[in-house]
Amino acid sequence: QVQLVESGGGSVQSGGSLRLSCAASGYTYSRYCMGWFRQVPGKEREWVAGINEYKSAKYADSLKGRFTISQDNAKTMFYLQMNSLKPEDTAMYYCSIRSRPTYDTCPGFWSLFRAWGQGTQVTVSS
């Protein structure tokens, strides 16, 4: 059973930084796509960034240069470093993980992911 726990959210001013953490356990995938997503009330869950078992990272175009996704060597902790935060970054942030077929490039479609944590709230004030 896959278990995911997000942490590290909080309230910051515009231009500030936060580092989100995702503790992942119970998965046995030799190949995987891990993703960070965010959601605001009234809108669909949005893909933010992704990483695979080779630490190859992908980002939503609008976030490149501000956010960085990473993982530890044990592949049990995943992170999202968020810099130069803007009020529009305010959202509930979630992490998830799924198995990856050999030639899957880890597209960020939320419907492909099935396991989710409780989320961690990020609030950015002007």
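Computed from a prediction, not measured in an experiment: that's the story for all the values here. (Residues numbered from 1 in each chain as written. Predicted model: local features only at pLDDT ≥ 70, side-chain atom pairs only at ≥ 80, totals over all residues. Heavy atoms only, no water.)

Peer 1: Could you give me a rundown of the sheet that holds strand β10 (residues 120–125), with the residues and numbers involved?
Peer 2: A sheet is described by the order of its strands in space; here six strands give the open sequence β2-β10-β9-β4-β5-β6, paired in mixed fashion. With partners counted over all chains shown, the strands left at the sheet margins are β2 (10–13) and β6 (57–59), one partner each. In this sheet, neighbouring strand axes are inclined to one another by 25° on average, regardless of whether the strands run parallel or antiparallel. Here three bridges tie strand β5 (residues 46–52) to β6, and the two strands are oriented antiparallel to one another. Residue pairing across strands places A49 opposite Y59, the latter belonging to β6. (Pairing = 2+ DSSP bridges. Helix = DSSP H or I, 4+ residues; strand = E, 2+ residues; numbered from the N terminus. Axes fitted to C-alpha atoms, helices over the stretch in contact; angles between N-to-C directions.)

Peer 1: Residues and numbers for the sheet that holds strand β1 (residues 3–7), please.
Peer 2: Pairing is antiparallel across the open sheet formed by four strands, whose spatial order is β1-β3-β8-β7. The open sheet has two edge strands, β1 and β7 (67–71), and neither has a second partner. Averaged over neighbouring strand pairs, the angle between their axes works out to 15° when direction is ignored. Note that β7 and strand β8 (residues 77–82) share five bridges and pair antiparallel. From the neighbouring strand, S70 faces β8, where its bridge partner is Y79.

Peer 1: Lay out the side chain of N52 with the relevant residues and their values.
Peer 2: Locating N52 in the fold gives a position in strand β5. Given the relative accessible area of 10%, N52 is considered buried. Only 2.9 Å separates the side chain of N52 from the backbone nitrogen of Y54, close enough to count as a polar contact. Those residues in contact with N52 that lie beyond four places of it in its chain are Y32, Q71, R100 and C106. (Buried < 20%, exposed > 50% of the residue type's maximum accessible area, 1.4 Å probe, protein only. Polar contact = N/O pair within 3.5 Å; in protein donor to acceptor, adjacent residues only side chain to side chain. Contact = heavy atoms within 4.5 Å.)

Peer 1: Mind laying out the pattern of salt bridges, listing which residues take part and the relevant values?
Peer 2: On inspection of all chains with the given rule, the structure shows five salt bridges. The partner of E53 in a salt bridge is R100, and the shortest N-O contact between them spans 2.4 Å. A residue pair is termed long-range when its members are at least 10 positions apart, and E53 in the loop between β5 and β6 and R100 in the loop between β9 (91–99) and β10 qualify at 47 residues. Its relative accessible area of 7% is what places E53 among the buried residues. (Salt bridge = Lys/Arg side-chain N within 4 Å of Asp/Glu carboxyl O.)

Peer 1: I'd like a description of unusual backbone geometry, backed by residues and values.
Peer 2: Glycine aside, residues mostly have negative phi, and peptide bonds are mostly found in the trans state. In this model, K55 sits at a positive phi of 65°, which is unusual for a non-glycine residue. Along the chain, K55 falls in the loop between β5 and β6. Taking the relative accessible area as the measure of exposure, K55 reaches 42% and is therefore partly exposed. You will see that K75, though not glycine, has its phi angle at about 60°, which is positive. By the element assignment, K75 lies in the loop between β7 and β8. Judged by its relative accessible area of 30%, K75 is partly exposed.

Peer 1: So, the state of the cysteines: which residues are in play, and what are the values?
Peer 2: For the structure shown, the criterion picks out two disulfides. Between C22 and C95 runs a disulfide, and the two sulfur atoms are separated by 2.0 Å. On the sign convention where negative is left-handed, the bridge of C22 and C95, at about 70° about the S-S bond, is right-handed. Remark: C95 occurs in strand β9 and C22 occurs in strand β3 (residues 18–25); sequence separation between them is 73 residues. Per residue, the accessibility class of C22 equals that of C95, and both read buried. Linked covalently through their sulfurs, C33 and C106 form a disulfide whose S-S length is 2.0 Å. Since a negative S-S torsion denotes a left-handed disulfide, the C33-C106 link at about -85° is left-handed. With C33 in strand β4 (residues 32–39) and C106 in the loop between β9 and β10, the pair connects residues that are 73 residues apart, well separated along the chain. The class for C33 is buried, based on a relative accessible area of 2%. By relative accessible area, which is 9% here, C106 ends up buried. Each bonded cysteine of the chain is numbered by sequence order, and under that numbering the disulfide pairs are 1-3, 2-4. (Disulfide = S-S within 2.5 Å.)

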